[in-house]
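Residue-level structure breakdown
Spelled out, the chains give:
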Amino acid sequence: MTALLPESVAQRILSIRGVRVMLDADLAELYAVPTKRLNEQVKRNRDRFPADFMFKLTNQEVAALRSQSVISNVQAGRGGRRYAPYAFSEHGALMAATILNTRRAVEMSLYVVR
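The sections below set out a description of the structure shown in this document. (Residues numbered from 1 in each chain as written. Predicted model: local features only at pLDDT ≥ 70, side-chain atom pairs only at ≥ 80, totals over all residues. Heavy atoms only, no water.)

1. Considerations on the packing of aromatic side chains
To keep things clear, this is the line we draw: To pair, rings of Phe, Tyr and Trp, with the six-membered ring standing in for Trp, must have centres within 6.5 Å; the planes then decide the type, stacked if under 30 degrees apart, edge-to-face if over 60, and tilted in the middle. Helix numbers and strand numbers start at the N terminus; a helix is a DSSP run of H or I with at least 4 residues, a strand a run of E with at least 2. Between buried and exposed lies partly exposed: a residue is buried under 20% and exposed over 50% of the maximum accessible area for its type, with that area taken using a 1.4 Å probe on protein chains only.
The full count for this structure, using the stated rule, is one aromatic pair. Measuring from ring centre to ring centre gives 6.0 Å for Phe49 and Phe88, while their planes differ by 80 degrees; the resulting arrangement is edge-to-face. Note that Phe49 is positioned in the loop between α3 (35-44) and β3 (54-56) and Phe88 in strand β4 (residues 86-88), a separation of 39 residues in sequence. Residue Phe88 is classed as buried on the basis of its relative accessible area, which comes to 1%.

2. Comments concerning the pattern of salt bridges
As a working rule, side chains carrying opposite charge can pair if their charged atoms are close by. Heads up, the rule is: Salt bridge criterion: a side-chain nitrogen from Lys or Arg within 4 Å of a carboxyl oxygen from Asp or Glu.
This model, assessed by the stated rule, comprises five salt bridges. With a closest N to O distance of 3.3 Å, Arg12 and Glu29 form a salt bridge. With Arg12 in the loop between α1 (6-9) and β1 (14-16) and Glu29 in helix α2 (residues 24-30), the pair connects residues that are 17 residues apart, well separated along the chain. Since its relative accessible area comes to 26%, Arg12 is described here as partly exposed. Glu29 gets classed as partly exposed once you look at its relative accessible area, which sits at 23%. Two residues, Glu107 and Arg104, come together in a salt bridge whose shortest N-O distance is 3.9 Å. Here Glu107 pairs with Arg104, and both are found in helix α6 (residues 103-113), just three residues apart, close to one helical turn. A cluster of three or more residues bridged by salt bridges with shared partners is formed by Arg12, Asp26 and Glu29.

3. Description of the packing of α3 against helix α5 (residues 90-100)
Quick reminder of the rule: Here the axes come from fitting lines to C-alpha atoms, over the contacting stretch only for helices, and the angles between their N-to-C directions go from 0 to 180 degrees. Just so you know how the angles are binned, under 35 degrees is roughly parallel, over 145 roughly antiparallel, 65 to 115 roughly perpendicular, and the rest oblique. Contact between two residues is taken to exist if any of their heavy atoms lie within 4.5 Å; hydrogens are not considered. Think of it as three bins: nonpolar holds Ala, Val, Leu, Ile, Met, Phe, Trp, Tyr, Cys and Pro, charged holds Asp, Glu, Lys and Arg, and polar takes everything else, Gly as well.
Closest axis-to-axis distance for the α3/α5 pair is 10 Å, and the angle between their directions is 90 degrees. With respect to each other, α3 and α5 are oriented roughly perpendicular. Listed contacts from α5 to Arg37, Leu38, Gln41 and Val42 of α3 are Ala96, Ile99 and Leu100. The class makeup of the residues in the contact of α3 with α5 is five nonpolar, one polar and one charged.

Following this line, the structure appears as structure tokens:
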């Protein structure tokens, strides 16, 4: 798995519900962990992610993103996501770095803070 370069992060930032966010899969790629691991850690530390840090996309939001080709439109029975993605605000993305505690997550959180 290759992590995103800091310069390409801006291309992954979306505006959803009037908030600038990154989807869980993009954030996981940035921090060089599987999306499943990111979401597991978030669920284990749910109290660190209030609604202004993270929210789950609605079916309508997922459909809109698929129509814009932001997320893949996988046919039934061919793999892909079973659940709607999470969207992380800037604060949520930094909080995710603290709970992951991987070398890449620490590097990226320091980069953002600087």
